[in-house]
Structures are given as C-alpha cells and as structure tokens.
Amino acid sequence: MPLVVPGVTTNDPAVQKTEEWMNKLCGKTLADHTSETTFCKADLPQPTRIIEPGSMVTKDFNPDRLNVHVGEDGKVSHVLHG
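I will try to describe carefully the structure that is included in this document. (Residues numbered from 1 in each chain as written. Predicted model: local features only at pLDDT ≥ 70, side-chain atom pairs only at ≥ 80, totals over all residues. Heavy atoms only, no water.)

### A word on helix H1 (residues 13–25)
- Taking 1.5 Å as the rise per residue, H1 with 13 residues should run 18 Å; its terminal C-alpha atoms sit 18 Å apart, in good agreement.
- Thr-18, Trp-21 and Leu-25 are the residues of H1 that are buried. An end-on view of H1 places all buried positions within 65 degrees of arc, on one side of the element. Projecting away from the buried face of H1 at angles above 90 degrees are the exposed residues Pro-13 and Asn-23.
- Here the buried face of H1 lies against strand E1 (29–31), strand E2 (38–40), strand E4 (66–70) and strand E5 (76–81).
- Regarding H1, its N-cap is Asp-12, as a side-chain oxygen of that residue lies 3.1 Å from the backbone nitrogen of Ala-14 further along. (Helix = DSSP H or I, 4+ residues; strand = E, 2+ residues; numbered from the N terminus. Expected span 1.5 Å × (residues − 1). Buried < 20%, exposed > 50% of the residue type's maximum accessible area, 1.4 Å probe, protein only. Arc of directions from axis to C-beta. Contact = heavy atoms within 4.5 Å. Polar contact = N/O pair within 3.5 Å; in protein donor to acceptor, adjacent residues only side chain to side chain.)

### Regarding the packing of aromatic side chains
- Taken as a whole and judged by the stated rule, the model has one aromatic pair.
- Positioned above the aromatic ring of Trp-21, the side-chain terminus of Lys-24 is 4.3 Å from the ring centre. (Phe/Tyr/Trp six-rings, centres within 6.5 Å; stacked < 30°, edge-to-face > 60°. Lys NZ or Arg CZ within 6 Å of the ring centre and 35° of its normal.)

### Side note on unusual backbone geometry
- Of the consecutive residues Gln-46 and Pro-47, the connecting peptide bond is found in the cis state with omega at 0 degrees.
- Inspection of the secondary structure puts Pro-47 in the loop between E2 and strand E3 (48–51).

### Details of the sheet that holds E3
- If you trace the three strands from one edge of the open sheet to the other, you get E3-E4-E5, paired in mixed fashion. On the outer flanks of this sheet lie E3 and E5, each paired with one strand and no other. The sheet shows a mean angle of 20 degrees between the axes of neighbouring strands, taken without regard to direction.
- Where E4 lies against E5, five bridges are found, and the strand directions are antiparallel. When the bridges of E5 are listed, Leu-66 appears paired with His-81. (Pairing = 2+ DSSP bridges. Axes fitted to C-alpha atoms, helices over the stretch in contact; angles between N-to-C directions.)

Okay, here's the thing in structure tokens:
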C-alpha cells in the first residue's frame, strides 16, 4: 500500500502527470537523442513549450500543455502543466 501524506502526496491525476514528467526531465538537457544525461525532444508530449531564461511566454492556460523550464546551464529546472 502506498504511503499517503497529506500535502506531500496526492491522488490528483494532473499533479501525478506533472510529477512524472518532473522525474523524467529534471537535471537533464534536451537534445535530439536520449541518454543518461539528455532527453530527446521528439519524446516530449504535445503540446510542449520549452521556456529558456528570459523567454517571453503567453499567459494563456492550457492544462494539457507541458511547460519545460530550462536553466542557464541548459538543464531542465522544473516542469509545469498549463
């Protein structure tokens, strides 16, 4: 039986989907191939928006869109849906 801690774990499918992508991408760079330290851009779900430092983005909300935030070092810092 999984451990359920209020405020730490959730049964919300949207949150679980975001956490799943966070685990797959955080700390990796995006490239044209997949390896231990990279993730292939072609394997990202559609729609996806890659947001680099200083990028301008619209504020429209799309719950199905994966927003991948990339840091100055080119590694994924975090992901959000919206």
